[in-house]
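Structural description and commentary
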Amino acid sequence: MFEDLDLFSRLIILHHDDRPSSLSECIDERGDKDPVKCMQCLEKENEVQMAERNVFFDTADECDYASMDSSRATRKPRSCKSLCPCHCDEDGQLHLLQPRSTVWCLAHAQGTPEDKLHDKFRRRFCMPHSEFIVLLSETKSDAALAKWKGKDASGRLASPTELLLLGSLRCLGRGLTFDDLEEFTAMSEETHRVFFHAFVAYGRRVLCPRHVKMPRTAAEFKTHMAEFSAGGLNGCGFSTDGTNVIMWRCSDNSKQANVGFKQSHPARTYNMTCNHRREILHATAGHPARWNDKTLAIFDTFLVDLHESKISQDVLFELCAWEGDVGKSRIVCVKCCGVWGLCDNGYHKWSCMQAPSKSTTFINEKRLSDWIESFRKDSECVFGILKGRWRCLKSGTRVAGSCVADSIWMTCCALHNRLLVLDGLDGEWEGALGRNELDDFRSLVPFAVQRMENPEILAFGSREHEREAQLNDNLRGRVREHSSDTESKEDGQGTVTTNTEGAIAVNSLSYFEFRRRLIVHFDILHRQHKIRWPKRNQNEQ
């Protein structure tokens, strides 16, 4: 039947014969499958597949491969990068500007700035040129950034890593866009974008663990407690607070969670811990801006480990106390173990985190509260330094994704600590004010000490003044309520535990009980004129 037909005609006849073409055509009138028709359908399907195969091979045999060019088409190398800026030569001819011929490359990458240009380099790129060379060598040695050392797809040298690193520092320091960097370096904004993401990931993965080290033992805490001990806050080792960084490119799915009560735009909130020398000891990853300080503290591993007595239990310090009546009995020293820090009133009432008093009429408590309020500004100063040096933290991040925003924060914290060490500002401060004269208050004494030593309020609010007011109220038949944070009804004294040396664990005391001890200790040091504000060494300024 098919002997006189070509292969294509046979295929058409097979498609249109009377046999069923699908299993749905094999069902009889009662709805059951007909086995004869099912076998015919399978035979037709097999014959059609064989016919299609024969048609394919027959068509392939008729092709003339000899007339075709079997050589593989090669891509012609580009003479220059796309979208490259142009410049005019001495004759007025227009030429394409190459990255290695830009001002940034000639002045900063290949040359060494001197005199005024050296100071301008630091102001423009937030670090000295010598430190930039060190950071450049570290960046080139990382495997994740090694692809910028070879050649690109066209066989030419890859974009200079020096210019890419300068662009990333300028983006962090002044908040420039990648399009602005294209004008300075003659490299596309996409190249800068890819390298910037890789650099901040490198900063989070390598630089942050290297330069932001969380203290855990007494030896590590010793240097951080020096300035607090000089100020009469024995055992204190850090200040902590949170801040927000706006995200301008937040996805719609996470916008609701990242819009907090401080900004109208989505933002990420970070909790940071530092010492008095503005050195960052620990920084958390980003959290939704809707979270408050108490929620941030729960997800802060440093504060949680400190509260649960997992770290710093070998730190020993002494608190002064009266053996009997206040001001008349002998002064004794009580040993304590653990570390505590300063925070605001938004955090948990943990004994290891002391905040200024909200309301008190006792001058002893008021004096300590004002002193804590002044020392607690360390964290606020660090936020100001970070957002002043790295403008992207103040104006907001313009890259997509919260993960990249967190990497930018961690990189800025690492570079901040790195510059502190470079400038010699990581060493311990020293300098005592001694007994202060009233004539020197306005010119020499810090405001915190002026407020504490004000003779006009020394008598007001004292314990004697409070007892006299209580006696007068009793004579008039009125009941006077004490306004003191340390006499709160929520204060419950738990079991006090001690270590093998007899030192009282800070975390075994309640928040208000430990605060009472701090008030007595600070009052004794104030009577002895041993309270001083730590100053930076003159040779470190």
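Residues numbered from 1 in each chain as written. Predicted model: local features only at pLDDT ≥ 70, side-chain atom pairs only at ≥ 80, totals over all residues. Heavy atoms only, no water.

Along its length, the protein carries 20 helices and eleven strands. The proportion of buried residues among the 541 residues of the protein is 45%. Of the contacts made within the protein by residues no fewer than 6 positions apart, 67% connect residues no fewer than 24 positions apart. By element, 51% of the accessible surface of the protein is carried by carbon and sulfur atoms, the whole surface being about 29,400 Å². (Helix = DSSP H or I, 4+ residues; strand = E, 2+ residues; numbered from the N terminus. Buried < 20%, exposed > 50% of the residue type's maximum accessible area, 1.4 Å probe, protein only. Contact = heavy atoms within 4.5 Å. Areas by Shrake-Rupley, 256 points an atom, 1.4 Å probe, with all protein chains shown as cover.)

Glancing now at the pattern of salt bridges. The tally for this structure, following the rule as stated, stands at 24 salt bridges. Arginine 19 is the salt-bridge partner of glutamate 47, the closest N and O atoms lying 2.8 Å from each other. Placement of the pair is glutamate 47 in helix α2 (residues 35-61) and arginine 19 in the loop between α1 (7-15) and α2, with a sequence separation of 28 residues. A relative accessible area of 34% means that glutamate 47 is categorised as partly exposed. The shortest N-O distance in the salt bridge between aspartate 142 and arginine 205 comes to 3.2 Å. Remark: arginine 205 occurs in helix α8 (residues 189-211) and aspartate 142 occurs in the loop between α5 (129-141) and α6 (161-174); sequence separation between them is 63 residues. (Salt bridge = Lys/Arg side-chain N within 4 Å of Asp/Glu carboxyl O.)

Below, the discussion takes up the state of the cysteines. Counting across every chain of the model gives zero disulfides. Cysteine 38 forms no disulfide, and the closest cysteine sulfur to it belongs to cysteine 26, at a distance of 4.2 Å. (Disulfide = S-S within 2.5 Å.)

Here strand β4 (residues 267-274) runs beside strand β5 (residues 280-283); their pairing, made up of three bridges, is antiparallel. Its bridge partner lying in β5, threonine 273 is registered against histidine 282. If you look at the hairpin formed by β4 and β5, you'll find five residues sitting between the two strands, and arginine 278 has a positive phi there, around 70 degrees. (Pairing = 2+ DSSP bridges.)

Residues Leu172, Trp390, Leu393, Ile408 and Trp409 are the most contacted members of the largest nonpolar core, which totals 56 residues. Ranked by the residues each element gives to this core, the list is headed by helix α17 (residues 402-422), at ten residues. The contacts of tryptophan 390, once residues within four sequence positions are left out, are Cys126, Leu172, Gly173, Cys412, Leu415, His416 and Leu419. (Core = buried A, V, L, I, M, F, W, Y, C linked by side-chain atoms within 4.5 Å.)

What follows covers the side chain of aspartate 305. The residue aspartate 305 is located in helix α13 (residues 301-307) in this model. The buried charged residue aspartate 305 lacks any salt bridge, with arginine 216 as its nearest oppositely charged partner at 4.1 Å. Ignoring sequence-local partners within four residues, the contact set of aspartate 305 consists of Arg216, Lys310 and Ile311. (Lys, Arg positive; Asp, Glu negative; His and termini not counted.)

Enumeration over the complete set of coordinates arrives at 18 aromatic pairs. On the basis of an interplanar angle of 90 degrees and a centroid distance of 5.1 Å, the ring pair of tryptophan 148 and phenylalanine 195 is categorised as edge-to-face. Taken together, the residues span a long stretch of sequence, with tryptophan 148 in the loop between α5 and α6 and phenylalanine 195 in helix α8 at a distance of 47 residues. Each member of the pair tryptophan 148 and phenylalanine 195 is classed as buried. Here tryptophan 371 and phenylalanine 522 contribute two aromatic rings whose centre-to-centre distance is 6.0 Å and whose plane-to-plane angle is 45 degrees, an arrangement assigned as tilted. Note that tryptophan 371 is positioned in helix α14 (residues 363-375) and phenylalanine 522 in helix α20 (residues 511-527), a separation of 151 residues in sequence. You can call tryptophan 371 buried: its relative accessible area is 1%. Look at phenylalanine 522 and you get buried, because its relative accessible area is 2%. Ring pairs connect the aromatic residues Trp104, Phe121, Phe125, Phe132 and Phe184, which therefore count as one cluster. (Phe/Tyr/Trp six-rings, centres within 6.5 Å; stacked < 30°, edge-to-face > 60°.)

Non-glycine residue arginine 278 carries a positive phi angle of around 70 degrees. Residue classification places arginine 278 among the buried residues on the basis of a relative accessible area of 18%. One non-glycine residue with positive phi stands out, namely serine 312, at about 60 degrees. Summarising the element assignment, serine 312 is placed in the loop between α13 and β7 (316-322).

Take the packing of α14 against α20 next. For the pair α14 and α20, interaxial distance at closest approach is 9 Å and the crossing angle is 90 degrees. Between α14 and α20, the angle is such that the two are roughly perpendicular. The residues of α20 that touch α14, namely those facing Asn364, Glu365, Arg367, Leu368, Ser369, Trp371 and Ile372, are Arg515, Leu518, Ile519, Phe522, Asp523 and His526. A breakdown of the residues in the contact of α14 with α20 according to their chemical character gives six nonpolar, three polar and four charged. (Axes fitted to C-alpha atoms, helices over the stretch in contact; angles between N-to-C directions. Parallel < 35°, antiparallel > 145°, perpendicular 65-115°, else oblique. Nonpolar A, V, L, I, M, F, W, Y, C, P; charged D, E, K, R; others polar.)

Turning our attention to a positive patch on the surface. Where like charges cluster on the molecular surface, the positive patch consists of Lys116, Lys120, Arg123 and Arg174. Element by element, the count of residues in the positive patch is highest for helix α4 (residues 116-125), at three residues. Summarising the element assignment, lysine 120 is placed in helix α4. Looking at lysine 120, the relative accessible area reads 32%, which means it is partly exposed. (Patch = residues over 30% accessible without salt bridge, like charges linked within 9 Å, V, L, I, M, F, W, Y side chains within 5 Å. Charge placed at Lys NZ, Arg CZ, Asp CG, Glu CD.)

Per-residue confidence for the protein gives a mean pLDDT of 80; residues scoring 70 or more make up 79%. Counting contacts from residues 431-438, a segment whose pLDDT is below 50, to residues more than four positions away or on other chains yields 15 contacts. Predicted confidence is poor over residues 456-461, with pLDDT under 50, and the contacts of this stretch with residues over four places away or in other chains come to eleven contacts. (pLDDT = per-residue confidence, 0-100.)

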